[in-house]
Amino acid sequence: MSTSDVTKDGIRGAKPGRDAMVGVVAGRHDGARPSHRRRGERSMVPEAKFSSYYGKPVLNAPVWKAPDIAGYFFLGGLSGASSVIGACASATGRPALAKASKVGALASISLGMVGLVHDLGKPSRFVNMLRVFKPTSPMSVGSWALAGYGPAAGAAAFSAVTGRMKGLGAVATGAAAAIGPFVASYTAALMCNTAVPSWHEAYREMPFVFVGSGATAAGGLGILAAPVAEAGPARRTALFGAALELAASQLLTRRLPEPLSEPYQSGKSGARFKLSEALTAAGAAGSVLLGRRSRAAAVVSGLALLAGSALSRFAIFEAGMVSANDPEHTVRPQRERLDRASG
Amino acid sequence: MASDNLLSSLLAGDTDPAAISGHSDHPPRMGFFTDTSVCIGCKACEVACKEWNHIPEDGLNFTGMSYDNTVGLGADTWRHVAFIEQRKPIAGQIAGVQHQDAGAPAIDEASGDLRWLMASDVCKHCTHAACLDVCPTGALFRTEFGTVVVQEDVCNGCGYCIPACPYGVIDQRQDDGRAWKCTLCYDRLQVGMEPACAKACPTDSIQFGPLDELRERAAARVASLHEAGVTDARLYGHDPNDGVGGDGAFFLLLDEPEVYGLPPDPVVTTRDLPSMWKHVGAAALTLAVGVAAAFAGGRRS
């Protein structure tokens, strides 16, 4: 190994008479170097906050595609919350809202599951999802939940549309409403149960962001599809969902340590997240203030709520990609934790 | 199956992963000790691994990153040799240092001091392996040797293991869709052979053997390096009480782990899963109650 650099201006740093002193204890062993280094660390020049290997990410980023997986997170939330609305609407004598919500639940979970299968590297092996049951894998638990939820949502919608098999329809409506909240929320655990720092460290708030977003979307669908007279609970569901989602998002970005909150606040993902919050707030306000009087206002509000919910999932998904690809997100919190532990 | 059992087994320190996974009468846990202080960056391990495991070519690119065009571990790179050029002297090999004042060793940039850190990275075969925990198909499994292996005839390419790995090891193979990583040469181990990379390593930087034995050897090596003045030497992934319960493949490094692209304090993501499930349950309940309240309140419509 050479200790010199050959530059255009000649050789720099060449040491005449260099000896390979293998085994000779030299330099650092007398303590001179460590003290030199410690002096350096106390200097006024701020040190680099983290090191990395040529700026390369530590993690391998998810290979999930946004339209499939962020899309499924949105559709699963929409479907799960719609099933609850559908059941409550049936029980309280609002047939139009019940039918719209049950059909919406079936359509959205079907589309979502198409996305899930499409995203697999080997789609022909999708049934392997039901090969084992593993509580350590939210994806495994979710697959079994979907295996129960999908048929229930289907039977509930079939009965609501055709008016046939009312008994089975009622049972299926109840089952879908029972599993629906889990379908809307487990995806948060699926996403946070990774090494992606901006997802993992947000695992306390994310389920509430997700169910809030699901309620926002399902409320929006109800407002959009049901007559104004029956849509009161859908408007209140949207308001509840929007309030929950916005509050949980605020808490999420505030509680995350500094580098990890950035993808939710700045850059493309941050801009999308802010736009989603604005759409959600505007849709909720519009539906509550104007949705009772004007059908047009109800349609616009419902669309804003659905768009806000979808955009929120895509923004959160994108934030995780940013976080996974940034070595600072992985290294800095871990380094700071080690430094704290060693005092 | 209870989450408390899961939690305790995940948090347990020095465990026997093969026994926990149901192998009753199993051989000792095998692993790698990669001593980077004697790595010469020849990449024989990369080549041997590719050849033995029939790993496809994954791009012949020029990165301009020192002598590393492989970049990092992935579906088609199961051994990766990192090259780091530093303006630091190598202790014990510095010409002329002993002739100078002890207080002013020649370590400033102008002196032309240079050291190359070279390190062969590999799957860590964690005691608490996140990839294995999150795999929904059971394609990833724990072998009788305590290693973690993907069954390629079961994997459906869901991709969950990829962001779960705290080290960025496993990845999806293009045009194949499935996840691939180091098997610690499971096929060779079963017939009593050492893994291809260790076999090919000309300096014994990659050492293969029973993990207990490797840990003892590594501790002795660090001690002798410290004695020789290489105070930078430290072990990485050897501690059964770290966030992944200790690595089956651990390292002797000459700088901080992050300099080599390794996470300084990785934690298996499933350590927080019991708490995640509780938050999911609370959120699901909140949704159900919230919607029900929306129907109960406001009797007008």
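Since the structure is predicted, the reported quantities are computational estimates derived from the model, not experimental observations.

### Thoughts on the overall build of chain A
Okay, step 1: Broken down by element type, chain A carries 12 helices and two strands.
Okay, step 2: Written out in order from the N terminus, the α and β elements of chain A read β-β-α-α-α-α-α-α-α-α-α-α-α-α.
Okay, step 3: A total of 343 residues make up chain A; the buried ones form 57% of that total.
Okay, step 4: A separation threshold of at least 6 residues defines the contact pool for chain A, and within that pool the share at least 24 residues apart is 73%.

### With respect to the sheet that holds strand β10 (residues 249–253) of chain B
All names here are of chain B.
Okay, step 1: Here we have four strands laid out as an open sheet, ordered β8-β1-β10-β9, and mixed in their pairing. Looking at which strands have only one partner, the edges of the open sheet turn out to be β8 (206–210) and β9 (234–236). Across this sheet, the average inter-strand angle for adjacent strands is 20°, counted without regard to direction.
Okay, step 2: Pairing analysis gives four bridges linking strand β1 (residues 30–35) to β10, with the strands arranged parallel. Following the sheet pairing, Phe32 is matched in β10 by Ala249.
Okay, step 3: Along the sheet face, helix α8 (residues 211–227) touches β1, β8, β9 and β10 and points at about 135° away from the line of β8.

### A look at helix α3 (residues 44–53) of chain B
All names here are of chain B.
Okay, step 1: Among the residues making up α3, those that are buried are Ala44, Cys45, Ala48, Cys49 and Lys50.
Okay, step 2: Considering only its buried residues, α3 is in contact with β2 (79–86), β3 (115–122), α7 (196–200) and β8.
Okay, step 3: At the C-terminal side of α3, His54 shows a positive phi close to 55°.

### Here we look at the confidence of the model for chain B
Residues and elements named next belong to chain B.
Okay, step 1: Taken as a whole, chain B shows an average pLDDT of 89; of its residues, 86% reach a score of 70 or greater.
Okay, step 2: Counting interchain partners and residues more than four positions distant, the pLDDT-below-50 stretch residues 94–109 has 32 contacts.
Okay, step 3: For this predicted complex, the interface score ipTM comes out at 0.90, while the overall pTM is 0.89.

### Some words on unusual backbone geometry
Okay, step 1: Of note, the phi angle at A:Met165 is positive, near 50°, even though the residue is not glycine.
Okay, step 2: For A:Met165, the location among the structural elements is in the loop between α4 (138–162) and α5 (166–192).
Okay, step 3: The residue B:Val71 is not glycine, and still its phi comes out positive at about 75°.
Okay, step 4: Relative to the helices and strands, B:Val71 is located in the loop between α3 and β2.

### Quick notes on the nonpolar core
Okay, step 1: A:Ala81, B:Cys131, B:Cys161, B:Cys165, B:Leu287 and B:Val291 are the most contacted members of the largest nonpolar core, which has 181 residues in total.
Okay, step 2: Top contributing element to this core by residue count: helix α11 (residues 295–324) of chain A, with 14 residues.
Okay, step 3: B:Cys161 has contacts with B:Cys131, B:Val134, B:Cys135, B:Leu140, B:Ile170 and B:Ala179, leaving out every residue within four places of it along the chain.

### Section: helix α8 (residues 232–255) of chain A
Okay, step 1: Compared with an ideal rise of 1.5 Å per residue, which puts 24 residues at 34 Å, α8(A) spans 35 Å between its outermost C-alpha atoms and is within 8% of the ideal.
Okay, step 2: Among the 24 residues that make up α8(A), 18 are buried, leaving the element largely enclosed by the rest of the structure.

### Some thoughts on the pairing of β3(B)
Residue and element names in this part refer to chain B.
Okay, step 1: Burial analysis of β3 places seven of its eight residues in the buried class, the great majority of the element.
Okay, step 2: Inspection of the sheet shows β2 paired to β3 by eight bridges, in the antiparallel sense. If you follow Val81 over to β3, its bridge partner there is Ser120.

### Thoughts on the packing of helix α3 (residues 95–119) of chain A against α4(A)
All names here are of chain A.
Okay, step 1: One way to put it is that α3 packs onto α4 with a least axis distance of 8 Å and a crossing angle of 140°. Classed by the angle they form, the pair α3 and α4 counts as oblique. In this structure, the crossing between α3 and α4 has a hand that is left-handed. Touching Ala98, Lys99, Lys102, Val103, Ala105, Leu106, Ile109 and Met113 of α3 are Leu146, Tyr149, Gly150, Ala153, Gly154, Ala156, Ala157, Ala160 and Val161, all from α4.
Okay, step 2: A per-class count over the contact of α3 with α4 returns 13 nonpolar, two polar and two charged.

### With respect to the packing of α3(A) against helix α7 (residues 206–225) of chain A
All names here are of chain A.
Okay, step 1: Running from N to C, α3 and α7 cross one another at 130°; their axes reach a closest spacing of 9 Å. With respect to their mutual orientation, α3 and α7 come out oblique. In terms of crossing hand, the pair formed by α3 and α7 is right-handed. Across the interface between the two elements, Leu97, Ala100, Ser101 and Gly104 from α3 touch Ala218, Leu221, Gly222 and Ala225 from α7.
Okay, step 2: Split into classes, the residues belonging to the contact of α3 with α7 amount to five nonpolar, three polar and no charged.

### Here we look at the environment of A:Ser213
Residues and elements named next belong to chain A.
Okay, step 1: If you trace the backbone, Ser213 turns up in helix α7.
Okay, step 2: When the 34 C-beta atoms within 10 Å are taken as the criterion, Ser213 is described as buried.
Okay, step 3: Ser213 sits 39 residues away from Gly174 along the chain, and the two C-alpha atoms are 22 Å apart.
Okay, step 4: Sequence-distant contacts of Ser213, that is, excluding residues within four places in its chain, are made with Gly77, Gly241, Glu245, Ser309, Ser312 and Arg313.

### Observations concerning the environment of A:Ala105
Residue and element names in this part refer to chain A.
Okay, step 1: Relative to the assigned elements, Ala105 resides in helix α3.
Okay, step 2: The exposure class assigned to Ala105 is buried, which follows from the 34 C-beta atoms found within 10 Å.
Okay, step 3: Through-space distance from the C-alpha of Ala105 to that of Val228 is 20 Å; in sequence the pair is 123 residues apart.
Okay, step 4: Apart from residues lying up to four places away in sequence, Ala105 is in contact with Ser79, Ser82, Ser83, Gly86, Ala153, Ala157 and Ala176.

### Let's talk about the pairing of β1(B)
Residues and elements named next belong to chain B.
Okay, step 1: Where burial is concerned, most of β1 is hidden: six out of the six residues are buried.
Okay, step 2: Of the two faces of β1, both are covered, the one formed by Met30, Phe32 and Thr34 as well as the one formed by Gly31, Phe33 and Asp35.
Okay, step 3: One ladder, built from five bridges, connects β1 with β8; its direction is antiparallel. Opposite Phe32, over in β8, you have Phe208 as the bridge partner.

The rules we used
Residues numbered from 1 in each chain as written. Chains lettered and ligands numbered in written order. Predicted model: local features only at pLDDT ≥ 70, side-chain atom pairs only at ≥ 80, totals over all residues. Helix = DSSP H or I, 4+ residues; strand = E, 2+ residues; numbered from the N terminus. Buried ≥ 20, exposed ≤ 12 C-beta atoms within 10 Å, placed from the backbone. Contact = placed C-beta atoms within 7 Å. Pairing = 2+ DSSP bridges. Axes fitted to C-alpha atoms, helices over the stretch in contact; angles between N-to-C directions. pLDDT = per-residue confidence, 0-100. Core = buried A, V, L, I, M, F, W, Y, C linked by C-beta atoms within 7 Å. Expected span 1.5 Å × (residues − 1). Parallel < 35°, antiparallel > 145°, perpendicular 65-115°, else oblique. Left-handed = near helix turned anticlockwise from the far one by under 90°. Nonpolar A, V, L, I, M, F, W, Y, C, P; charged D, E, K, R; others polar.

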